[in-house]
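Single-letter residue listing:
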Amino acid sequence: MMPPEEESPDGDRDGGLVLLHGLKSGSTRKGCDPFAQTQRSKLQHRRARINQQINKEMRMRAGAENLFRATSNHKVKETVALELSYVNSNLQLLKEELEELNSSMDVYQNDSESISVPMIPLGLKETKELDLLVPLKDFISEHYGEEGVLFEKEIKEFMELRQAMRTPSRNEAGLELLMEYYNQLYFLDSRFFPPTKTLGIFFHWYDSLTGVPSHQRALAFEKGSVLFNLGALHTQIGARQDRASLPGLNQAIDAFQKAAGAFNYLKENFSNAPSLDMSAASLTMLVRLMVAQVQECVFEKMTLLRAQNDFLARLQLAQEAAKVEDAYSLVHQTMSQPHVKDYVPFSWTTMVHVKSEHFKALSHYFAAIALCDCPAPSDAELLEQEKAFLQFHVTMPEGPSLRVLLHDPEERRKLGKAHLKKAIMKHEEAMRIHGLCKILRKMDILQEVLSFAHKRSLSKYSEIDHEEDFFETGEAPDIHPKTHQKPEIKSPNFSQVKVTDLFHRLGPLSVFSAKNKWYPARRVHLMRGENGFGFTLRGDSPVLIAGVIPGGCAAEAGLKEGDYIISVNGKDCKWSKHAEVVQLLKSTGKEGVDIGVITLQGSECPKAVDRKAAVMSSGSGVLKSNKENSRKSLMNSKSASTLLVWSKKSKRSKKSTYSGVPFTSVGDNEAMY
């Protein structure tokens, strides 16, 4: 298992740490102290309190609505209607309070003194505590035939892991904690959730943005909610980076790309989500928002890397800004759709609209700077600049030919002035939209960024505007969006965090899983005859009885082909290798050996039995492929699934088919005893 990352230097913002004692590999996972009084934890505490109040008010509303429909008494109807009005008013106030929390972007930003446009992070989904002790102990007793009390340690360890997962730290260790819990859910699903039965466990989660509670019996809801929090935590890590430095920008880009990957994976692999934040429309919006924030970071990266006085570099900056505007315009369109509009906080929609106008203004500003501040090209530079300028505008500007435009300073000034005019208009539109949102008006850093960009464009316009200009400034064409670094949607890498099955003592998953059923375990006393025990063994963990000689010691004792050996003389052999079981059998004396075996239900059918008898009587035949049962430590991360029926596929060796076993020939990895 991978060791957790060390706490980041500013980890005190996430509060003190509580240690979760790790699994058998000896690692530890860290969750934030839920009682730590830090900015982020206070925000999450308020979110949890509002979630509980919303849950209470919704239960009251449901009861009042039922009473209103059921009663025929006029006075009672009036009283209930008044109560409903009061409850709906409370719900609206709570919704507005939660929206303000979701708009608290400044809490998640970095502490750097540099000025940069704030990013939009997501708060984590809240969940209720879950007591699994009794349901899992009962299932172990009923399904596996083991004493449930013997597995209390493992169940409590899993519950501690879930508790720690509710408050992950905002760094790599927090991400690993969520991944570890998600991977453990695979084993929990395989061990305790049969396809035809439920455990009566409800998983409760609150909607990230509305606070509306949802619950389901399906473990897939738990998996999906953890995946959502994985994406949300990536957004918080991305928002906290210092984007004034190249390392900070690269980390922000990586975090937002991984957030997009988590939300996209959730959208593609889950359906029928009970909460709005996990609906396809919401997840599509979140993926596009993360891609737009990656694009914004790429633009900021370009401003750090490119030489500011170079003509081609400024054209590239203008096109990068146009690409950011294009990405945010798409997000704004998505947020304005009917299924999303009433759900997304107004401050988010406004922020996205402001950024769209702001970056459009920046694209025209950098176009003007390229035309007005850079000298005319030399003969050697002309061809390259012509080629770049041909692909720069969406439509070619009116006026002289391209060559004349690039060589004539006056023509360059005229076109630059047109771009600046459009830039100023867009800056003013961004500031107007910003002023419409009360929450954004409180965000000083955003106001400062918009004001600085507007004044810079005004100053440049005044600089190039001449008193003798009698021509009417033309309409500057839009700039063709282009980026040198396309955002990548990075799907979660589940194999990054290795985990060990907490309930491995139950036996190998290939046999001892919730989907398999077997007959009660049998204990057989076996004596060694002149020709040995009279059976053939194959495979590992657990060892399979591949064949039984008719009339031999094993047959007389009641052993059958297809039995699995789970113990020898009281020693548990579920995980034992072939050679270990053989050694235990060989070490028995004249008193014989006690063998514990189980038989899977449905492992044989009448036709197979008849065919086996026919082959054995003929004394000929060929043994088919071997059955290998190896321990699985991690699932394959590329399974497709739905929310209600979701199961991971593990990489397993192919199962062999049972067939008649001729004892004159023995297959590979098989021996007769």
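Residues numbered from 1 in each chain as written. Predicted model: local features only at pLDDT ≥ 70, side-chain atom pairs only at ≥ 80, totals over all residues. Heavy atoms only, no water.

- Identification of the protein chain as Rhophilin Rho GTPase binding protein 1 from Cyanistes caeruleus is taken from an unreviewed UniProt entry.
- In the Sequence similarities (unreviewed entry) part of its UniProt record, the protein chain is described as follows: "Belongs to the RHPN family." (UniProt positions renumbered as here; feature names shortened; annotations may be inferred.)

Section: the overall build of the protein chain
Part 1: Looking only at helices and strands, the protein chain features 19 helices and 11 strands.
Part 2: Relative to its full complement of 673 residues, the protein chain shows a buried share of 53%.
Part 3: Considering only contacts within the protein chain whose residues lie at least 6 apart along the sequence, 78% involve residues at least 24 apart.
Part 4: Total accessible area on the protein chain is roughly 31000 Å²; 52% of this is exposed by carbon and sulfur atoms. (Helix = DSSP H or I, 4+ residues; strand = E, 2+ residues; numbered from the N terminus. Buried < 20%, exposed > 50% of the residue type's maximum accessible area, 1.4 Å probe, protein only. Contact = heavy atoms within 4.5 Å. Areas by Shrake-Rupley, 256 points an atom, 1.4 Å probe, with all protein chains shown as cover.)

Examining the pattern of salt bridges
Part 1: Per the stated rule, a full pass over the model turns up 24 salt bridges.
Part 2: One salt bridge in this structure joins Glu222 and Arg162, with 2.7 Å as the shortest N-O distance. One end of the pair, Glu222, is in helix H6 (residues 219–239); the other, Arg162, is in helix H4 (residues 152–165), and 60 residues separate them in sequence.
Part 3: For Glu222, a relative accessible area of 0% puts it in the buried group.
Part 4: Between Arg243 and Glu300 there is a salt bridge whose closest N-O contact spans 2.7 Å. Of the two residues, Arg243 is situated in the loop between H6 and helix H7 (246–269) and Glu300 in helix H8 (residues 280–305); the sequence distance between them amounts to 57 residues. Across the pair, exposure class does not vary: Arg243 and Glu300 are buried alike.
Part 5: Each of Lys360, Lys422, Glu475 and Asp478 takes part in salt bridges that share partners, so that together they form one network. (Salt bridge = Lys/Arg side-chain N within 4 Å of Asp/Glu carboxyl O.)

Some thoughts on the environment of Ala273
Part 1: With respect to the element layout, Ala273 can be found in the loop between H7 and H8.
Part 2: For Ala273, a relative accessible area of 28% corresponds to the partly exposed category.
Part 3: When the C-alpha positions of Ala273 and Ser214 are compared, they lie 9.5 Å apart, and in sequence the two are 59 residues distant.

Structural notes on the nonpolar core
One broad rule of soluble globular proteins: the nonpolar side chains tend to lie buried together.
Part 1: Residues Leu188, Phe192, Phe263, Phe389 and Phe503 are the most contacted members of the largest nonpolar core, which totals 135 residues.
Part 2: Ranked by residues supplied to this core, first place goes to helix H11 (residues 346–373) with 13 residues.
Part 3: Beyond its immediate sequence surroundings of up to four residues, Phe192 is in contact with Leu136, Phe139, Ile140, Leu199, Phe503, Leu506 and Ala514.
Part 4: Counting 19 residues, the second-largest nonpolar core is a separate cluster that includes Leu537, Val543, Ala554 and Val581. (Core = buried A, V, L, I, M, F, W, Y, C linked by side-chain atoms within 4.5 Å.)

Considering a nonpolar patch on the surface
Part 1: Residues Leu246, Leu304 and Leu305 make up a contiguous nonpolar surface patch of roughly 250 Å² in combined accessible area.
Part 2: By secondary structure assignment, the location of Leu246 is in helix H7. (Patch = residues over 30% accessible without salt bridge, like charges linked within 9 Å, V, L, I, M, F, W, Y side chains within 5 Å.)

So, the packing of aromatic side chains
Part 1: Counted according to the given criterion, the structure contains 19 aromatic pairs.
Part 2: With a centroid separation of 5.8 Å and 65 degrees between ring planes, the pair formed by Phe139 and Phe192 is classed as edge-to-face. With Phe139 in helix H3 (residues 133–144) and Phe192 in helix H5 (residues 172–192), the pair connects residues that are 53 residues apart, well separated along the chain. Side by side, Phe139 and Phe192 carry an identical accessibility label, which is buried.
Part 3: Geometrically, the ring pair formed by Phe311 and Phe389 is stacked, given 6.4 Å between the ring centres and 25 degrees between the ring planes. In this pair, Phe311 is assigned in helix H9 (residues 311–335) and Phe389 in helix H12 (residues 379–390), connecting sequence segments 78 residues apart.
Part 4: On the accessibility criterion, Phe311 (4% relative accessible area) is buried.
Part 5: Note that Arg505 overlies the ring of Phe151, its terminal NZ or CZ placed 4.3 Å from the centroid. (Phe/Tyr/Trp six-rings, centres within 6.5 Å; stacked < 30°, edge-to-face > 60°. Lys NZ or Arg CZ within 6 Å of the ring centre and 35° of its normal.)

Side note on the side chain of Ser541
Part 1: The topology assignment puts Ser541 in the loop between strand E6 (535–538) and strand E7 (543–548).
Part 2: Relative accessible area serves as the criterion here: at 2%, Ser541 is assigned to the buried category.
Part 3: Among the polar contacts made by the side chain of Ser541, one reaches the main-chain carbonyl oxygen of Trp575 at a distance of 3.0 Å. (Polar contact = N/O pair within 3.5 Å; in protein donor to acceptor, adjacent residues only side chain to side chain.)

Remarks on the packing of H8 against H9
Part 1: The interhelical angle for the contact between H8 and H9, taken along N-to-C directions, is 165 degrees, at an axis separation of 9 Å. With respect to each other, H8 and H9 are oriented roughly antiparallel. The interaxial crossing formed by H8 with H9 has left-handed handedness. Facing Met285, Arg288, Leu289, Ala292, Gln293, Gln295, Glu296, Val298, Phe299, Met302 and Thr303 of H8, the residues of H9 in contact are Gln316, Leu317, Glu320, Ala321, Lys323, Val324, Ala327, Tyr328, Leu330, Val331, Thr334 and Met335.
Part 2: Residue composition of the contact of H8 with H9, by class: 14 nonpolar, 5 polar and 4 charged. (Axes fitted to C-alpha atoms, helices over the stretch in contact; angles between N-to-C directions. Parallel < 35°, antiparallel > 145°, perpendicular 65-115°, else oblique. Left-handed = near helix turned anticlockwise from the far one by under 90°. Nonpolar A, V, L, I, M, F, W, Y, C, P; charged D, E, K, R; others polar.)

So, the packing of H11 against helix H16 (residues 444–464)
Part 1: For the pair H11 and H16, the least separation of the axes is 11 Å and the interaxial angle reads 30 degrees. Classified by the angle between their axes, H11 and H16 sit roughly parallel to one another. The two elements H11 and H16 cross, and the hand of that crossing is left-handed. Along the contact surface, H11 presents Met351, Val354, His358, Leu362, Tyr365, Ile369, Cys372 and Asp373, while H16 presents Leu446, Val449, Leu450, Ala453, Arg456, Ser457, Lys460 and Ile464.
Part 2: When the residues that make up the contact of H11 with H16 are grouped by side-chain class, the tally is 11 nonpolar, 2 polar and 3 charged.

Quick word on unusual backbone geometry
Part 1: Residue Pro542 follows Ser541 across a cis peptide bond; omega there is -10 degrees.
Part 2: Considering the arrangement of structural elements, one finds Pro542 in the loop between E6 and E7.
Part 3: Phi at Ser541 takes a positive value of approximately 45 degrees, unusual for a residue other than glycine.
Part 4: For Asn569, which is not glycine, the phi torsion reads 50 degrees and is therefore positive.
Part 5: By secondary structure assignment, the location of Asn569 is in the loop between strand E8 (563–568) and strand E9 (571–572).

A closer look at H6
Part 1: A rise of 1.5 Å per residue sets the reference length of H6, with its 21 residues, at 30 Å; its end C-alpha atoms lie 31 Å apart and thus fit the reference within 8%.
Part 2: The buried fraction of H6 is high, at 21 of 21 residues. (Expected span 1.5 Å × (residues − 1).)

Describing H5
Part 1: Helix length check: H5, at 21 residues, gives a terminal C-alpha distance of 30 Å against a target of 30 Å (1.5 Å per residue), a fit within 8%.
Part 2: Here H5 lies mainly inside the structure; 20 of its 21 residues are buried.
Part 3: Capping of H5 at its N-terminal end is provided by Asn171; its side-chain oxygen lies 3.2 Å from the backbone amide nitrogen of Ala173.

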